Every structure is written in C-alpha cells, then in structure tokens.
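These are the residues of each chain, in order.
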Amino acid sequence: MTGSSRIVAVLGPTNTGKTHYAIERMLGHRTGVMGLPLRLLAREVYDRIVAVRGPSVVALVTGEERIVPPRTQYWVCTVEAMPEGMGTDFVAIDEIQLCADPERGHVFTDRLLRARGHLETLFLGSDTMRGPIRALVPEAQFQGRERMSQLVYSGAKKISRMPARSAIVGFSVEGVYAIAELIRRQKGGAAVVMGALSPRTRNAQVELYQNGDVDYLVATDAIGMGLNLDIDHVAFSALTKFDGRRMRPLAPNELAQIAGRAGRGMSHGTFGVTGEARPLDEPVAQAIMEHRFTPLKKLNWRNAALEFGSVDHLIRALEMTPTDENLVKAREADDLGALKSLAQVDEVFARASDPASIRLLWDVCRIPDFRGISHAEHSALLEIIFGYLHESGRVPDDWLARQIRRIDRTDGDIDTLSKRLAFIRTWTYVAQRKGWTGDESHWRDVTRAVEDRVSDALHERLTQRFVDRRTSVLLRRLKQKEALLAEVNDKGEVTVEGEFVGRLEGFRFSADKSAAAGAEEKAVKAASLQALAPQFHLRADRFYNAPDTEIDFTEQGGLMWGEHAVGKLVAGPEPLKPQVEVFVDEAAGPDVAQKVARRLQHFIDRKIASLFEPLLTLQRDEELSGLARGFGFRMIESLGILPRAEVAQEVKDLDQDARGALRKHGVRFGQFTIFMPLLLKPAPTRLRLVLWSLAKGLQEFPESPPPGLVTVPTVQDAPEGYHTMCGYRAAGERAVRIDMLERLADMLRTEDSRGGFEAKPDMLSITGTTLDQFADLMQGLGYKGERGERAKVKPAPAATPGTTTEEATASEPAAVEPVADDTAETPPVAGQTADPVAQGAAVQADPAAQEDPAPQKPEAPQEPEIEVFYTFTWARPRRDQQRSRGNKTGQRDAQGTKPQGKGRPPRRKGQDKGDRKDKGAKSYSARPPRKEKQIDPDNPFAAALMGLKDNG
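Quantities reported herein were computed from a predicted structural model and do not represent experimental measurements.

J.: Help me get a handle on the sheet that holds strand E28 (residues 668-669), residues and values and all.
T.: The strands making up a sheet are joined through hydrogen bonds of the backbone, oriented either antiparallel or parallel. The strand order across the open sheet formed by 3 strands is E27-E29-E28, and the pairing between neighbours is antiparallel. Two strands in the sheet have a free side with no partner beyond their single neighbour: strand E27 (641-643) and E28. In this sheet, strand E29 (residues 673-675) lies alongside E27 in antiparallel orientation, the contact comprising 3 bridges. Its bridge partner being in E29, Ile641 is matched across the sheet by Phe675. Across the sheet, helix H26 (residues 738-748) touches E27, E28 and E29, and the angle it forms with E29 is around 130 degrees.

Following this line, the structure appears as structure tokens:
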C-alpha cells in the first residue's frame, strides 16, 4: 500500500486511549484495516467494533481465525495476517514499538515502511519510536498523549498481602500455574491468562475476573499488549524471561508496558514485585512512573522483496543486510530456519524447481510452530504438508481427519489439554489457508469446533484447579452485601450461614479446618472477619477494663487472658522494663491493637512493681550515695541476687554505714550470696526468670523449679546464671536454696571441720536431703565426706520421764522428704526428718522402765544392724594455694568463694568481713577461740577455720 495520505504517529504510555482513538478514526472512514500484535487483542477489538457496526461489515483475520462477511468494510487482523493490496481508506498499526522485537520486529518494521491507507495512516505505540519514525517516515506527524491516571511504584509485597484486583505476572507456564495455585490457597482463587490460550478460554477466564468471581489474575506478559482489564495493581513475580534463545532481564520499557495495565481510565494504579523477584532499582521505578525510556535506535528488518527463482535465491533475499543505518538485520526466524532445513531434503529440493513451487514451499514454512516440540519434528510435519500440496494441490481429507481425530478429546489434565490446544491450532491455521483443503468452510468449522471443545475443557480444568465455585459464589455475595449471615456467640464460636466455621481466641480468629479447606477457607475467613469487626472492639473494651487477676504471664513470656494468648513479652531498654507485643488480627484494626497493648503494658508494669517492690524502692532511694548507690545498681541489674564471689571486692569496700543503708532495704550479706529474701518467693522467682531470659535474648526460656523445695536436682546444660536467678546454688548433683544454704553455713561454723564431724538432724532437715544427698551437697561446697559403717544401737522401747519424744524416736529410720517452704523466711520445723547421724548414739533409758515384774525367757542373740555414716572434713588446699590466698591475691576456690587464709583471726558470728578494722598481722594458738573473737558468719570458709586453728 503506497500513496500520499495523512500519516500520524500517536505516541505515549499505556492508558492514554490510543487504541480507542484508532477505532474511532477507522469508523470515521468508509473502509479500514487495523493490525494488532496479539490474536487475543484482535478478538477484543473485533468484538468492540461488531458491537457498534454489526457483524456483517467487520472481518477478523488471524493465523487461526478467518471471519470474512461478503460486505466487509473493516478488517481487524494480527499484524502478520494483514492483507496487502486492498487499498483501504484507513490503516492503523498498534504497538509499533515492537519493530525492535528480536522475533517479530521485522514484520512490524515492514508495516511501518509499506502499509498505508489512502486517506489516513496511524502508528500507535511508545514514545521511544519517535526517532526511528522521524528518520524512516519523514512525512509523519506526531501526536503525543498523556496517561489518564497515575502509575505509582509500591515496592515488594508478599502474595499473601496482595491487594484485591491485582494481576501477578509470570514469564513461564510453570511459573503462572505455581502462582495461581498459591493464590488459590491463600486468596480463594485466580483467573489465568496466557497468550497460548485460545480466545474462547481466555475470554472465559477473564470473565471470572471481570465479574468478581475472583479478585486475582495470573498472566504472562500477554496482558501488556493492550488487553483492557480492571486491574488496580500489577506485581512482577520475575524480572527475567526466556526470549526463545536465552534468559535475559526485561528492559524498563518492557516492564512499563506490562505495569501500565494497572489503573484504567481515570483510576490510578500501582505496580511492584512479589515472590522471588528483587525490588526494582530506584532509577528503573522512577523511569516507569515518569514514562522516560531510552529511545530506540535500530529497528529489526528483513527484506520483503523476495525472489522465487530458486530456493537459494529466496534464502539469499531473506538474509539480505539492510543499507539504512536505522535498520538492523533480523535474526533468523523460525520460518527461515524451516526453509533451510527443508532445502536439505532432496525430495523437497527437487519439487521446489519453479517459482510457484518455491512460493508454495515458503508459505508452508510460515506455518507457526504452535506445538513447540522440536525443530526437527516441526520440519518433518511441514515436509509432509508440502508434499501433499505440491502433489495434489490440497491436504487429503482422510489424512487431515485422522490428525484432528487424535486431538478431539476432552479428557486429561491441564497440561494435556494445553498440548492438544496447541496441536489443533496448527490444523486451524492450515484450514484457514485458501485452497489448501478440499472444503475450506467444512474444515474451518471442524477445527473451530474441536478448538472450542478443548478450550472449554481447559477452562473447566483451570477453574477446578485454581478457583473453587463455592468460594466464588461466597465472595460475590460478600461483595454485593447479600444475605451472608455471620454470628459470634458468648463462647467466641463463629458461624456463617448457621455453620460453625471457627472460634475467636483472644483477638485472633482460628478457622475450623473441618468446616472449610483451601480456597473456601479464605472466603469463609473473610466473611467471619467481617462479622467479627464490631466484636473485636467490644472485646477490646472488656479486656481493657478486666482486673489483673484475669491476666497472667507464662514461663515462656506469653501473656494470657484466661486461656487465650493475647501477646508476649519482648526485651525492653532495661531488665525491669520489658515491652509487649500483641496478638491481634489485622482485621481488628490499629485501635484495637493499641488498646490491647496499653492494657498488657499496664499489667506487666504493675506486676513488676508489686513483686519487685524492694528492688524498685532501692532504685528510687535518693539518700544512697557513693559505694552504696553503686552496689544498689548492681543489685538492680542482677534482679536482686548477686553471688558474693562476683562482688567480693565491692563488698569489702563497703563501710558499716553503707551496709546499714543497704540492709534497711532488705539486702542480706550472706556467706555465699548477697540477696533480698523477699525476692526468693515463688512469684518473684518465676517473673525474674522471664525477665532474665528476655534480657539475655534466649530463644527458649528455662522454667523455674517447683515452689517450696529446699533442694532440687541440678539442671544440666542450663544457661550460665540460671541457678542463681532461681534462688539456688548448685552444689554437686543438687542445688540448694540460697537462704537455706546460709542457715546451713551458720550450723557448720560450730563444727570441727579439721577433726571431722557428722551431719546433725537439723542439717538434713534444713536442706531436705537424705544422708547420701547431703554428702554430695557438702562435697559441692568444698568438704570431703568419708563414708563409714557401724553397728546400729537399738532405741529404747519407750520414753521415760524427762526424755522428749524426739529423743526417744531419734534413732527410728524414716524416709527423708524435701522440706516445703513457700516463703523464704520461714524455717523448716526441726525433727520432721529422720536423724541418720543420731541413729548411732546410745539412747539412755530410765532403769525403772526396764524392770520386768515377771520373769521372761531370755531372747536369742541377734546380729547387730549396720548403719552408714559420713565424716565431713574441710578439703584443705595446697600450701602454695594457702600462701596465695593468705596474701590477698583475690583467688577463689572452685565454688567461687574466697577462703580465709591460715592464721587469720575468726570473726564474731553476724559480723561482716569489712566490719572489723585490720590492726596488723597477728598469730593465734590452736586453743579454742575465746567468745569475744568468734568467727565471722559472712566468711565463706568460717566452717573450715575451726579445723585450721589447730595449726595456727
């Protein structure tokens, strides 16, 4: 088509109304041809024109469809199928920027150079084509168009957070199916649109999306070529595609073409990425939003002046290099590759011996490879078709019928039906070619009917796999606000249309798995959350006004309201200032979440203020100063418990006034631990472990020991400091509560640790251990226990006047039970535990009670009963260690306590190590200590000094 006409290039981004403008201009002329890039888009434009002018004057011509009424005025075609030499008044080519496409660009370039209407020619496309059009078509006028709505980059989003009316774009069939399956599970369903689908399947899928049955569309880049859908957001699941030869990244202008589908008319749109696609670089995103792209420099070109004198001449003409600097030789297309392949076949080469045969061979080579199996198989099929056409002028009916019959089946899965659809497209293309079959009308109807049946079956399979019909109806009724009744009872049970679908647990909805599954579950949850919206606010008000007794924390840091978790504790700026994280559904809204967070923060703050009152009082005491204030901070940081070995020097530096000030706050300076007795109760201990675990960033919080036990088994592989935070000190296989350990230390000070001593009943009672357990515990504290056996003296048969019940029964064997002590300050009752040590002592009975008024037969002699006992001595350190410790080097024993060196004077019971003023070195004899110089109970090795004084 050549001649003088008005040539206009209408250039601009997507959603500028270019295609609509072209349709109006064509209908303003008597005749016209419009070339479009896709069969799907051609069908869409055809339907729009038919709706205006009727089917009698509109033709549709594509590679696989040919609808040509007798009085045709307007032709809607794919660019490849545009008829030549018709001389219409109007010609339009859409998406003219495809001149730069590596595969099809040469076809669009040919239309740019040669397709002209008698009165008007329009080229529609991107502004990147302005330079090449000005160079190649100098007479062209330019008309710029602005986008009617804004396009904004929204970054990356998970598919689970994808907004409704979104299109997710993939670049492979497998990728599209995988995304659609994921959306079905998470969002209730998706429609699928791909270029390989037939128009019938594509239209049926689009109808699912357009009428609101589903809110999501999964598509290939086919939607970028002018398909007009109501899309608010476009998300790229990948940024690379296979272009037929290699994987390559998409150029910004290609991304813009697809992203531009978002926001139609005056509605604004957004675009972003999802899945494994990395976020767009800021310059690329900005270029898409501002429609600024690198102008095209070169267009793909292939010679249209073909020579049919010989096959070699034809190949040479197709491979000719362009002379214009704005054109570049197109890469070898599939049709040229098929021609070269068939030219190597002797029989084909022999048949193609004249121009008509060569032209026929070229037409056969232009059959698209819809099947995509392999070049060799496609060439073999073309060889058969060319042989039939050259031999008899048409494809035999029986052979064609057999090929179609194999495909005319609707069973199988999506992949099977997709392959059949690709196969039938080959025969649909053959049937559309004029003169290739005996009865063109018949075979067009046959192939169209098979394509329709396979298309319907494929649509059905796609819908079954990616959309649940029940969910579809439910979603539509939700949007239309039809009678979809959802209720919540006082137990939190949620029903939709009278069916139980889940329950409200705290402020989160838990769907019932048996009531709905897959896509239906999403829709049911949406309906349920819609009904729960007011319920969330009512619950939040009730929770905010609930007393603290209804709220509690777990040992793993969870926050409970009754039996439901409503949040958890997270680390704060200080151990005593944790923060809260709430468990509230997004549907409840930010107001509900904030109200729940405030109530939980109030709860935990009051709980800490109540259980750690002594520690907080110490923190607020402004009268503390100097070393006392610093030591108070150490106590606060350690949550009220400090091993003495860690602060030995600091304790030594404290004067009596400082210690007195700290004692007023309940700080006890023990031999092994500095602690606050009130904080050893079960409730503060449980909370202290949670706060300590948060501060240390533990993944799994260790649990507190059972309340009331004086000793517990040592926890293996426990985090460092765990036993201290529990209020215990590990000693051997068991750990003893620190306040009871201090009482035990008081008892041990009166024993002869050098000469050896046996355990007293009160020692076993206060630790709640058996004799063997006590021996292990003592070994953990630095003592050596020697095991021995001896004959057990039987107890007197009855108590005499002046003998207590405890004394009379002291030698009775009894099981030793742990002493339950709910409060740290209440001592265990002496005598509740058997006295294994006293079992060997002779029991003195009243002689009057032993007199027998009547003579009795003497009893036979019995073997004595054997009992076990332990003798405990201090495990004396080596001489070099004694010298080291005696010269105040600060070294400590294995238990972390600093022993008192040989030759140091004992201190009075209850006297702190720093209370006595050092008056220089003194020596002491081994005689018993005088009363006024008792050993300091705070000395870690006060008990051992009794044995060391003999060598003083």
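J.: With reference to specific residues and values, describe the packing of aromatic side chains.
T.: Taken as a whole, this structure holds 13 aromatic pairs when the rule is applied. Seen in terms of ring centroids, Phe757 and Phe872 are 6.0 Å apart; in terms of plane orientation they differ by 40 degrees. Their pairing is tilted. You can see Phe757 sitting in the loop between H26 and helix H27 (761-767) and its partner Phe872 sitting in strand E34 (residues 865-874), a full 115 residues away along the chain. Across the pair, exposure class does not vary: Phe757 and Phe872 are buried alike. With a centroid separation of 6.1 Å and an interplanar angle of 15 degrees, the aromatic rings of Tyr870 and Phe872 are classed as stacked. Across the pair, Phe872 and Tyr870 agree in class, each one buried. Members of the aromatic cluster, each reached through a chain of ring pairs, are Phe757, Phe774, Tyr783, Tyr870, Phe872 and Trp874. Between the NZ or CZ atom of Arg659 and the centre of the ring of Phe669, over which it lies, the distance is 5.7 Å.

J.: Any chance you could break down the pattern of salt bridges for me, citing the residues and the numbers?
T.: Under the definition given, this model contains 50 salt bridges. A salt bridge links Arg409 to Asp411; the shortest N-O distance between them is 2.7 Å. For Glu581, the salt bridge goes to Lys568, with nearest N and O atoms at 4.0 Å. Remark: Lys568 occurs in strand E25 (residues 564-570) and Glu581 occurs in strand E26 (residues 579-582); sequence separation between them is 13 residues. We classify Lys568 as partly exposed; its relative accessible area is 33%. Here the salt bridges share partners, and the residues they tie into one network are Arg39, Arg43, Asp47, Glu64, Glu65, Arg425, Arg448 and Glu451.

J.: Pulling in residues and values, what's your account of the nonpolar core?
T.: A general feature of soluble globular proteins is that nonpolar side chains tend to end up buried together. In terms of nonpolar packing, the biggest core is built from 63 residues, with Phe507, Leu576, Phe612, Phe631, Met635 and Ile674 touching the most fellow members. In terms of residue count, the dominant contributor to this core is helix H19 (residues 590-611) (7 residues). Those residues in contact with Phe631 that lie beyond four places of it in its chain are Leu642, Val647, Glu650, Val651, Leu654, Leu662, Phe669 and Ile674. By size, the runner-up hydrophobic cluster in this structure holds 62 residues, among which are Ala190, Ala352, Val395 and Ile407.

J.: Which residues make up the sheet that holds strand E11 (residues 191-193), and what values do they have?
T.: Overall, parallel pairing links the 6 strands, which are arranged E9-E16-E13-E10-E12-E11 in an open sheet. A strand with exactly one partner marks an edge of an open sheet, and here the two such strands are strand E9 (151-156) and E11. Within this sheet the neighbouring strands show an average axis-to-axis angle of 25 degrees, counted without direction. Two elements, strand E10 (residues 166-169) and strand E13 (residues 233-236), share 4 bridges in a ladder whose sense is parallel. Across the sheet, the residue bridging to Val169 is Phe236, located in E13. Seen against the sheet, helix H6 (residues 199-210) touches E10, E11 and strand E12 (216-219) and runs at an angle of roughly 140 degrees to E11. On the sheet, helix H7 (residues 252-259) packs against E9, E10, E13 and strand E16 (269-273) and is oriented at approximately 140 degrees with respect to E13.

J.: Quick rundown of the side chain of Thr31? Include the residues and the values.
T.: Position of Thr31 relative to the elements: it lies in the loop between helix H1 (18-27) and strand E2 (32-36). Engagement of the side chain of Thr31 in a polar contact is seen with the backbone nitrogen of Asp89, the distance being 3.0 Å.

J.: Could you give an account of the pairing of E16, naming the residues involved and the relevant values?
T.: Within a regular strand, side chains alternate between the sheet's two faces. Counting buried positions along E16 yields 4 of 5 residues, so the element is predominantly enclosed. Where E9 meets E16, 4 bridges bridge the pair, whose relative direction is parallel. Pairing of Val152 across the sheet is with Thr270, part of E16. The sheet contact formed by E13 and E16 spans 4 bridges and is parallel. From the neighbouring strand, Val234 faces E16, where its bridge partner is Phe271.

J.: So, unusual backbone geometry: which residues are in play, and what are the values?
T.: Most peptide bonds take the trans configuration, and most residues that are not glycine carry a negative phi. Despite not being glycine, Glu95 shows a phi value in the positive range, around 55 degrees. In this structure Glu95 comes out as buried when scored by relative accessible area, which is 7%. Phi angles above zero are rare outside glycine, and His291 is one such case at about 60 degrees. With respect to the helices and strands, His291 occurs in the loop between helix H8 (282-290) and strand E17 (299-301).

J.: So what about helix H3 (residues 105-114)? Which residues, and what values?
T.: Note that an α-helix has 3.6 residues per turn; residues three or four places apart therefore point the same way. A large share of H3 lies buried, amounting to 8 of its 10 residues. Among the residues making up H3, those that are buried are Gly105, His106, Val107, Phe108, Thr109, Asp110, Arg111 and Leu112. Elements that come into contact with the buried residues of H3 comprise strand E6 (90-93), strand E7 (120-125), helix H4 (130-136), E17 and strand E18 (327-329).

J.: Quick one: what's the story with the packing of H1 against helix H2 (residues 39-53), residue by residue and with numbers?
T.: Running from amino to carboxyl end, H1 crosses H2 at an angle of 40 degrees, the nearest separation of the two axes being 12 Å. When the axis of H1 is compared with that of H2, the two are oblique. H1 and H2 meet at a crossing whose hand is right-handed. Where H1 abuts H2, its residues Thr19, His20, Ile23, Met26 and Leu27 lie against Val45, Arg48, Ile49, Val52 and Arg53.

Criteria and thresholds
- Residues numbered from 1 in each chain as written.
- Predicted model: local features only at pLDDT ≥ 70, side-chain atom pairs only at ≥ 80, totals over all residues.
- Heavy atoms only, no water.
- Pairing = 2+ DSSP bridges.
- Helix = DSSP H or I, 4+ residues; strand = E, 2+ residues; numbered from the N terminus.
- Contact = heavy atoms within 4.5 Å.
- Axes fitted to C-alpha atoms, helices over the stretch in contact; angles between N-to-C directions.
- Phe/Tyr/Trp six-rings, centres within 6.5 Å; stacked < 30°, edge-to-face > 60°.
- Buried < 20%, exposed > 50% of the residue type's maximum accessible area, 1.4 Å probe, protein only.
- Lys NZ or Arg CZ within 6 Å of the ring centre and 35° of its normal.
- Salt bridge = Lys/Arg side-chain N within 4 Å of Asp/Glu carboxyl O.
- Core = buried A, V, L, I, M, F, W, Y, C linked by side-chain atoms within 4.5 Å.
- Polar contact = N/O pair within 3.5 Å; in protein donor to acceptor, adjacent residues only side chain to side chain.
- Parallel < 35°, antiparallel > 145°, perpendicular 65-115°, else oblique.
- Left-handed = near helix turned anticlockwise from the far one by under 90°.

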